[in-house]
Amino acid sequence: MIKFIELFAGIGGFRNGLEQTGGYECIYANEFDKYSNSIYKRHYKECDIRNIRSVRADEIPKCDMVVGGFPCQPFSIAGSRKGLDDKRGDLFFEVIRIIKDKRPSIVLLENVKGLLNIQKGKVFTSILRAFQEFDYNVQAEILNTKNFGIPQNRERIFIIATFGKA
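Residues numbered from 1 in each chain as written. Predicted model: local features only at pLDDT ≥ 70, side-chain atom pairs only at ≥ 80, totals over all residues. Heavy atoms only, no water.

Let us now look at the nonpolar core. Among the nonpolar cores identified, the biggest contains 34 residues, and Leu7, Phe92, Leu115, Phe131 and Ile159 are the most heavily contacted of them. When residues of this core are traced back to their parent elements, those giving at least two are β1 (2-7), α3 (92-102), β4 (106-112), α4 (122-132), β5 (136-144) and β6 (155-163). One finds Phe4, Ala9, Leu18 and Cys26 within the second-largest nonpolar core, a separate group that totals 12 residues. (Core = buried A, V, L, I, M, F, W, Y, C linked by side-chain atoms within 4.5 Å. Buried < 20%, exposed > 50% of the residue type's maximum accessible area, 1.4 Å probe, protein only. Helix = DSSP H or I, 4+ residues; strand = E, 2+ residues; numbered from the N terminus.)

The subject of this paragraph is the sheet that holds strand β3 (residues 65-68). Where strands meet in a sheet, backbone hydrogen bonds hold them as pairs that are either parallel or antiparallel. With respect to topology, six strands assemble into an open sheet ordered β2-β1-β3-β4-β6-β5, the strand pairing being mixed. With partners counted over all chains shown, the strands left at the sheet margins are β2 (24-30) and β5, one partner each. Ignoring strand direction, the axes of neighbouring strands in this sheet form an average angle of 20 degrees. By the bridge criterion, four bridges tie β3 to β4 in an arrangement that is parallel. Looking at β4, one finds that Val67 is bridged to Leu108. (Pairing = 2+ DSSP bridges. Axes fitted to C-alpha atoms, helices over the stretch in contact; angles between N-to-C directions.)

What follows covers the layout of surface pockets. In this model, the largest pocket occupies a volume close to 1,100 Å³. Residue lining of the largest pocket: 39 residues in total, with Phe8, Phe14, Gly68, Gly69 and Glu110 positioned closest to the centre. Across the lining of the largest pocket, the residue classes tally to 17 nonpolar, 12 polar and 10 charged. (1 Å grid on protein atoms, 1.4 Å probe; cavity = no way out; pocket = protein on both sides within 12 Å on 5 of 7 lines; lining within 4 Å. Points joined across faces, edges and corners; volume = space filled by probe spheres on them. Nonpolar A, V, L, I, M, F, W, Y, C, P; charged D, E, K, R; others polar.)

Tracing the backbone through its elements, the reader meets Glu94 in helix α3. Judged by relative accessible area, which is 13%, Glu94 ranks as buried. Here Arg97 takes part through its side chain, which lies 2.7 Å from a polar atom of the side chain of Glu94. (Polar contact = N/O pair within 3.5 Å; in protein donor to acceptor, adjacent residues only side chain to side chain.)

Here the focus is the environment of Thr145. By secondary structure assignment, the location of Thr145 is in the loop between β5 and β6. Judged by its relative accessible area of 18%, Thr145 falls in the buried class. On a C-alpha basis, the gap between Thr145 and Phe4 in space is 24 Å, while along the polypeptide they are 141 residues apart. Aside from chain neighbours lying at most four places away, what touches Thr145 is Ile150, Gln152, Asn153 and Arg154. (Contact = heavy atoms within 4.5 Å.)

On to the packing of α3 against α4, then. Across the interface, α3 lies against α4 with an axial gap of 10 Å and an inter-helix angle of 10 degrees. When the axes of α3 and α4 are compared, the pair comes out roughly parallel. Residues Phe92, Phe93, Ile96 and Ile99 of α3 pack against Ile127, Ala130 and Phe131 of α4. In terms of residue class, the contact of α3 with α4 is built from seven nonpolar, no polar and no charged. (Parallel < 35°, antiparallel > 145°, perpendicular 65-115°, else oblique.)

Let us now look at helix α1 (residues 13-21). Side chains that are three or four residues apart share a direction in an α-helix, a result of its 3.6 residues per turn. Every buried residue of α1 is accounted for by Phe14, Arg15 and Leu18. The arc that holds the buried residues of α1, viewed along the axis, is 95 degrees, so those residues lie on one side. In α1, those exposed residues whose orientation departs by more than 90 degrees from the buried face are Gly13 and Gln20. Contact partners of the buried residues in α1: β1, β2, α2 (34-44), β3, β4 and β6. Looking at the residues trailing α1, positive phi occurs at Gly22, about 85 degrees. (Arc of directions from axis to C-beta.)

Pasting the structure below:
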């Protein structure tokens, strides 16, 4: 059984998908937004509602995998486009803080495709370097929901990081 934690959990999309495939168990979830958290709790009973900045790494259980969708507004063409300079954008570094402590084998993150080209690609390069600094191999790919049987044209970037130098 692969034990994972879900950060920026929203209403539990990653959890739902992983648990339906079998072999995955969510052992911790965090979602600060009270409305999303309310729905998450209705479906899964537990979810830490604290701001992730105030959660100490030692309060989060050791895990095999970290999943999540850190806030997209700073990277979206419909948002501020301030990238990591936005207080929501720098929440990405909370993911790094936690993986630095937990050292999961796999990290799976999702965001808007604008993450790739904001500030002429400098933000995405910073994200890649943050993972590589802690010996993660990183791959990213843009996927569109319309190619997976969902009647919506919604492109997202998925970042997969695996622990250990290649």
